[in-house]
Amino acid sequence: MRIPRELEKLMVFGIFLCLDAFLYVFTLLPLRVFLALFRLFTLPCYGLRDRRLLQPAQVCDILKGVILVICYFMMHYVDYSMMYHLIRGQSVIKLYIIYNMLEVADRLFSSFGQDILDALYWTATEPKERKRAHIGVIPHFFMAVLYVFLHAILIMVQATTLNVAFNSHNKSLLTIMMSNNFVEIKGSVFKKFEKNNLFQMSNSDIKERFTNYVLLLIVCLRNMEQFSWNPDHLWVLFPDVCMVIASETAVDIVKHAFITKFNDITADVYSEYRASLAFDLVSSRQKNAYTDYSDSVARRMGFIPLPLAVLLIRVVTSSIKVQGILSYACVILFYLGLISLKVLNSIVLLGKSCQYVKEAKMEEKLFNPPPASAPGKPPNKSQNKCKPAQENLSASVTSQPVHPKENVIPLLVASSSDQFLTTPDGDEKDITQESSELKHRSSKKDLLEVDRFTICGNRID
């Protein structure tokens, strides 16, 4: 009976993490791209002081911005109305199969896309002294653009199928699609799960629930546009939206409750999962962070905000017409409101994350020296607080040191955020007497190793 409360705490925290990464694309990323381009265009004014034209973080920001702009213009060649009528003409059982196939394809695309984007960031920011052993930045860039475009189309088909289900008269398709969630219980409840596997499933559920929220927003926008933004139609959509959200929540609660019961896992494990996610957030806000805080969420949960952001921008710009000075003023005010929401959300998340890290007694792991640093240097004692993380609220990836050739191998070693943070499975009472044996056993069952970190995660700092 404790599972629903602990699970929902984890879900709420994870959803706000995804929201923070999602809002970053609309708010801070355009500002960072503008600053990077400003530095690039004004470079002749103050000469080359550094060996690099741009910092690695600025290179990644420009790449993200260019990918967003290109994919947005490519999405104009995809007709949403034609896709809607094409899907509406299919039979109910065919649409049910299509929707299941789209869910599987979305997970595969997310995993494949993260590797593509990491490869792009790696090739674009690696030191010039290293001998290049890759196929080049330009092919990786075109692969990333193609991935974001195809993934955005896939999510658009998902949203269109859901829209067709909402607009069907007998609601049979919507009922069948919601019953599909309960099939997920059969496929997972009666399998053996360990804590690490449950952590993966929890992250996947967080990402799936947040994506469904965005899909419901897209469906509501499209329907409200068709009814000339009549507020009365919103109350017609409200019961269906509540049914979709309630079914997702009920399935997650039942699934996790029986998985923990059958595998003898206590409800306290969800507080460990929450502390692991909080550790990622706090460690990515430090000056010596290994990766950008918006990318750490993507690698941990498999949530990639770029395709979803492209689709949402495409739907909003086609549904809402901006004409006149007053309309542009409203757009500016709305953008400032998004920035305020992003900053407020980041402050609250960082404060909660520091609280969760302190409760889990993980502060000492935040200030371990990075693996590529000079050996024998102890961490600064004045940094052993959570306050530096709060001071670096808006800090992100700003620099990338050039490592000598003899330190190439330590770059591939897992970072401090990949170390063991929670208690491994099994009874381990005599920790002080069996510390060496515990270290050997726990190395295989690290919650923070269960993520999507690649070489890029240990590279860009």
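Structure's up top.
Described below are features of the structure shown in this document. (Residues numbered from 1 in each chain as written. Predicted model: local features only at pLDDT ≥ 70, side-chain atom pairs only at ≥ 80, totals over all residues. Heavy atoms only, no water.)

**What to know about the overall build of the protein chain**
Of the regular secondary structure elements, the protein chain holds 17 helices and 0 strands. Here the protein chain holds 461 residues, and the buried ones make up 50% of them. Taking the contacts inside the protein chain whose residues are at least 6 apart along the sequence as the reference set, 87% of them involve residues at least 24 apart. In the structure as shown, the protein chain presents an accessible area of about 23,500 Å², 65% of it carried by carbon and sulfur atoms. (Helix = DSSP H or I, 4+ residues; strand = E, 2+ residues; numbered from the N terminus. Buried < 20%, exposed > 50% of the residue type's maximum accessible area, 1.4 Å probe, protein only. Contact = heavy atoms within 4.5 Å. Areas by Shrake-Rupley, 256 points an atom, 1.4 Å probe, with all protein chains shown as cover.)

**Some details on the nonpolar core**
Judged by nonpolar contacts, the single largest core of 104 residues is most densely connected at Phe-22, Ile-67 and Phe-166. It is helix α7 (residues 137–167) that provides the largest number of residues to this core, a total of 16 residues. Apart from the residues lying within four places of it in its own chain, the contact partners of Ile-67 are Leu-117, Leu-120, Phe-141, Ala-144, Val-145 and Val-148. (Core = buried A, V, L, I, M, F, W, Y, C linked by side-chain atoms within 4.5 Å.)

**What to know about the pattern of salt bridges**
A full pass over the atoms with the stated rule returns 12 salt bridges. The shortest N-O distance in the salt bridge between Lys-255 and Asp-252 comes to 3.9 Å. In this pair, Lys-255 and Asp-252 both sit in helix α10 (residues 231–262), 3 residues apart, roughly one turn of the helix. Each member of the pair, Lys-255 as well as Asp-252, is classed as buried. One salt-bridge network, held together by shared partners, links Glu-8, Asp-205, Arg-209, Asp-252 and Lys-255. (Salt bridge = Lys/Arg side-chain N within 4 Å of Asp/Glu carboxyl O.)

**Here's the deal with unusual backbone geometry**
Its identity as a non-glycine residue notwithstanding, Trp-229 has a phi of 55 degrees, on the positive side. Following the sequence through the fold, Trp-229 ends up in the loop between α9 (195–226) and α10. The residue Asp-264 is not glycine, and still its phi comes out positive at about 55 degrees. Mapped onto the fold, Asp-264 is located in the loop between α10 and α11 (269–284).

**Structural notes on α11**
Owing to its 3.6 residues per turn, the α-helix brings residues three or four apart onto one side. Here α11 contains 16 residues, and its C-alpha end-to-end distance of 23 Å stays within 8% of the 22 Å for a straight helix at 1.5 Å per residue. For α11, the tally of buried residues reaches 15 of 16 residues, placing the bulk of the element in the interior. (Expected span 1.5 Å × (residues − 1).)

**Some remarks on the packing of helix α4 (residues 56–74) against helix α6 (residues 92–125)**
Contact geometry of α4 with α6 gives a least axis separation of 10 Å together with a crossing angle of 135 degrees. By the angle between their axes, α4 is oblique relative to α6. The way α4 lies across α6 gives a crossing that is right-handed. Contacts from Pro-56, Val-59, Cys-60, Leu-63, Lys-64 and Ile-67 of α4 reach α6 at Leu-117, Leu-120, Tyr-121, Ala-124 and Thr-125. In terms of residue class, the contact of α4 with α6 is made up of 9 nonpolar, 1 polar and 1 charged. (Axes fitted to C-alpha atoms, helices over the stretch in contact; angles between N-to-C directions. Parallel < 35°, antiparallel > 145°, perpendicular 65-115°, else oblique. Left-handed = near helix turned anticlockwise from the far one by under 90°. Nonpolar A, V, L, I, M, F, W, Y, C, P; charged D, E, K, R; others polar.)

**Quick notes on the environment of Ile-206**
Tracing the backbone through its elements, the reader meets Ile-206 in helix α9. Taking the C-alpha atoms as reference points, Ile-206 and Leu-17, 189 residues apart in sequence, are found 9.6 Å from one another. Not counting residues up to four positions away in its chain, the partners in contact with Ile-206 are Leu-10, Met-11, Gly-14, Ile-15, Cys-18, Leu-277 and Met-301.

**So, the packing of aromatic side chains**
Applying the stated rule across the entire model yields 14 aromatic pairs. Arranged with centres 5.5 Å apart and planes meeting at 65 degrees, the rings of Tyr-72 and Phe-73 form a pair that is edge-to-face. Here Phe-210 and Phe-303 contribute two aromatic rings whose centre-to-centre distance is 5.2 Å and whose plane-to-plane angle is 85 degrees, an arrangement assigned as edge-to-face. In this pair, Phe-210 sits in helix α9 while Phe-303 sits in the loop between α12 (293–301) and α13 (305–319), placing the two residues 93 residues apart along the sequence. Judged on exposure class, the residue Phe-210 and its partner Phe-303 are both buried. The structure contains a cluster of three or more aromatic residues connected by ring pairs, namely Phe-22, Phe-26, Phe-210 and Phe-303. Above the face of the Tyr-356 ring, Arg-274 is positioned so that its terminal group lies 4.4 Å from the ring centre. (Phe/Tyr/Trp six-rings, centres within 6.5 Å; stacked < 30°, edge-to-face > 60°. Lys NZ or Arg CZ within 6 Å of the ring centre and 35° of its normal.)

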